[in-house]
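Each chain is listed here by its residues.
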Amino acid sequence: MVGRSNVGKSSLINALVRARVARASAAPGKTRLANVYRVTRGGSDAMYLVDLPGYGFAKGERRELDEVTREYFVRVGQVRQVGHPPALAALLIIDARHPGLENDLEAWRWLRSTVERFGIVATKIDKLARGERIRAMRELESVFEDAVLPVSAETGEGLDELWKLIERLTKSG
Ligand SMILES: Nc1nc2c(ncn2[C@@H]2O[C@H](COP(=O)(O)OP(=O)(O)OP(=O)(O)O)[C@@H](O)[C@H]2O)c(=O)[nH]1
Ligand SMILES: [Mg+2]
């Protein structure tokens, strides 16, 4: 899970596993390290959901992704080249209310050039009224040139689809 500070990455992990495992907070900059959660669902193989620190919070911060996040994808990518690696995928989490922010676009460019598999998720969709929502989704899909999945950690909307997306992204082969 990659995204701006306070976008709702930790909340989304909690909503996905239906438990309060990841610490969420109204104050941005809560998650400072990579927190790894091992998840098993039904008969499928175990997977790891990784909650990464957000970007765009520290004042004067220039880089779109913090060092922990960059190192995570670069190093895990290197380790994966040895042996029989599980799939590595990134989910870029965007605030549905703010399509096309420059730091999100930079994060997207970096991920696209670094991680083989990634998906884009628009969260806090519950905060948008119908008309705003249609407009925001249209704008997001045009900015990111890809399908964007609307979800809410608050109402649970889109979580089944998000699990399907995660399963698709992490399928071996
Ligand atoms: N309405 C609504 N609020 C949400 C949703 N997801 C998260 N929030 C709220 O947004 C705030 C930030 O959530 P976090 O999950 O801590 O955000 P984060 O991306 O992990 O933040 P950092 O760890 O600082 O990078 C909290 O107050 C959450 O309750 C959502 O889908 N809908
Ligand atoms: Mg967090």
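Conventions adopted
- Residues numbered from 1 in each chain as written.
- Chains lettered and ligands numbered in written order.
- Predicted model: local features only at pLDDT ≥ 70, side-chain atom pairs only at ≥ 80, totals over all residues.
- Heavy atoms only, no water.
- Phe/Tyr/Trp six-rings, centres within 6.5 Å; stacked < 30°, edge-to-face > 60°.
- Lys NZ or Arg CZ within 6 Å of the ring centre and 35° of its normal.
- 1 Å grid on protein atoms, 1.4 Å probe; cavity = no way out; pocket = protein on both sides within 12 Å on 5 of 7 lines; lining within 4 Å.
- Points joined across faces, edges and corners; volume = space filled by probe spheres on them.
- Helix = DSSP H or I, 4+ residues; strand = E, 2+ residues; numbered from the N terminus.
- Nonpolar A, V, L, I, M, F, W, Y, C, P; charged D, E, K, R; others polar.
- Near = heavy atom within 4 Å.
- Polar contact = N/O pair within 3.5 Å; in protein donor to acceptor, adjacent residues only side chain to side chain.
- Areas by Shrake-Rupley, 256 points an atom, 1.4 Å probe, with all protein chains shown as cover.
- Sits in = over half its atoms within 2 Å of the grid points.
- Expected span 1.5 Å × (residues − 1).
- Buried < 20%, exposed > 50% of the residue type's maximum accessible area, 1.4 Å probe, protein only.
- Arc of directions from axis to C-beta.
- Contact = heavy atoms within 4.5 Å.

(A) Fine view of the packing of aromatic side chains. Summed over the entire model, instances satisfying the criterion amount to two aromatic pairs. On the basis of an interplanar angle of 85° and a centroid distance of 5.4 Å, the ring pair of tyrosine 72 and phenylalanine 73 is categorised as edge-to-face. Over the aromatic face of tryptophan 163 sits the side chain of arginine 41, whose NZ or CZ is 4.1 Å from the ring centroid. Positioned over the ring face of tryptophan 108 is arginine 112, at 4.1 Å from the centre of the ring.

(B) Local environment of the layout of surface pockets. Of the voids in this model, the largest pocket is the one considered here, and its volume is about 750 Å³. Taken together, 27 residues line the largest pocket, and the ones lying closest to its centre are Met47, Tyr48, Pro86, Ala87 and Thr170. Among the elements of the structure, β3 (47–51), α2 (67–80), β4 (89–95) and α5 (159–170) are those that each provide at least two residues to the lining of the largest pocket. No other element matches the five residues that α2 contributes to the lining of the largest pocket. Taken together, the residues that form the lining of the largest pocket break down as 20 nonpolar, three polar and four charged. Quantified by volume, the second largest pocket comes out at close to 580 Å³. Around the second largest pocket, the lining comprises 30 residues; the ones closest to its centre are Gly8, Ser10, Ser11, Ala24 and Ser25. If you tally residues by element for the lining of the second largest pocket, the top one is helix α1 (residues 9–17), at five residues. Here the lining of the second largest pocket is composed, by residue class, of 10 nonpolar, 12 polar and eight charged.

(C) The site of ligand 1, seen in detail. Around ligand 1, 23 residues are found, and the nearest of them are Lys9, Ser11, Gly29, Thr31 and Asp126. Between ligand 1 and serine 10 there is a distance of 2.9 Å, counted from an oxygen atom to a side-chain nitrogen or oxygen. The separation between an oxygen atom of ligand 1 and a polar main-chain atom of alanine 153 is 2.8 Å. For ligand 1, whose accessible area on its own is 660 Å², the fraction buried by protein is 88%. In this structure, ligand 1 is accommodated by the second largest pocket. Looking at which element gives the most residues to the shell around ligand 1, the answer is α1, with three residues. Looking at side-chain class alone, the shell around ligand 1 contains five nonpolar, 11 polar and seven charged residues.

(D) The arrangement of helix α4 (residues 130–143) in detail. Spanning 14 residues, α4 covers 20 Å between terminal C-alpha atoms, matching the ideal 20 Å at 1.5 Å per step. Buried within α4 are the following residues: Ala136, Met137 and Leu140. The buried side chains of α4 occupy one side of the element, clustering within an arc of 100° when seen end-on. Opposite the buried face of α4, by more than 90 degrees, sit the exposed residues Arg135, Arg138 and Ser142. Packed against the buried residues of α4 are β4, β5 (117–123) and β6 (148–150). Phi turns positive one or two residues past the end of α4, at glutamate 145, with a value near 50°.

(E) A look at α5. Across its 12 residues, α5 extends 16 Å between first and last C-alpha, which sits within 8% of the 16 Å expected from 1.5 Å per residue. When we look at burial in α5, the residues that qualify are Leu159, Leu162, Trp163, Leu165, Ile166 and Leu169. Down the axis of α5, the buried set is contained in an arc of 160°. They therefore lie on one face. Of the exposed residues in α5, the ones pointing more than 90 degrees away from its buried face are Asp160, Lys164 and Arg168. Contact partners of the buried residues in α5: α1, β2 (35–39), β3, β4, β5 and β6.

Everything listed is a geometric property; what it means functionally is a separate question.
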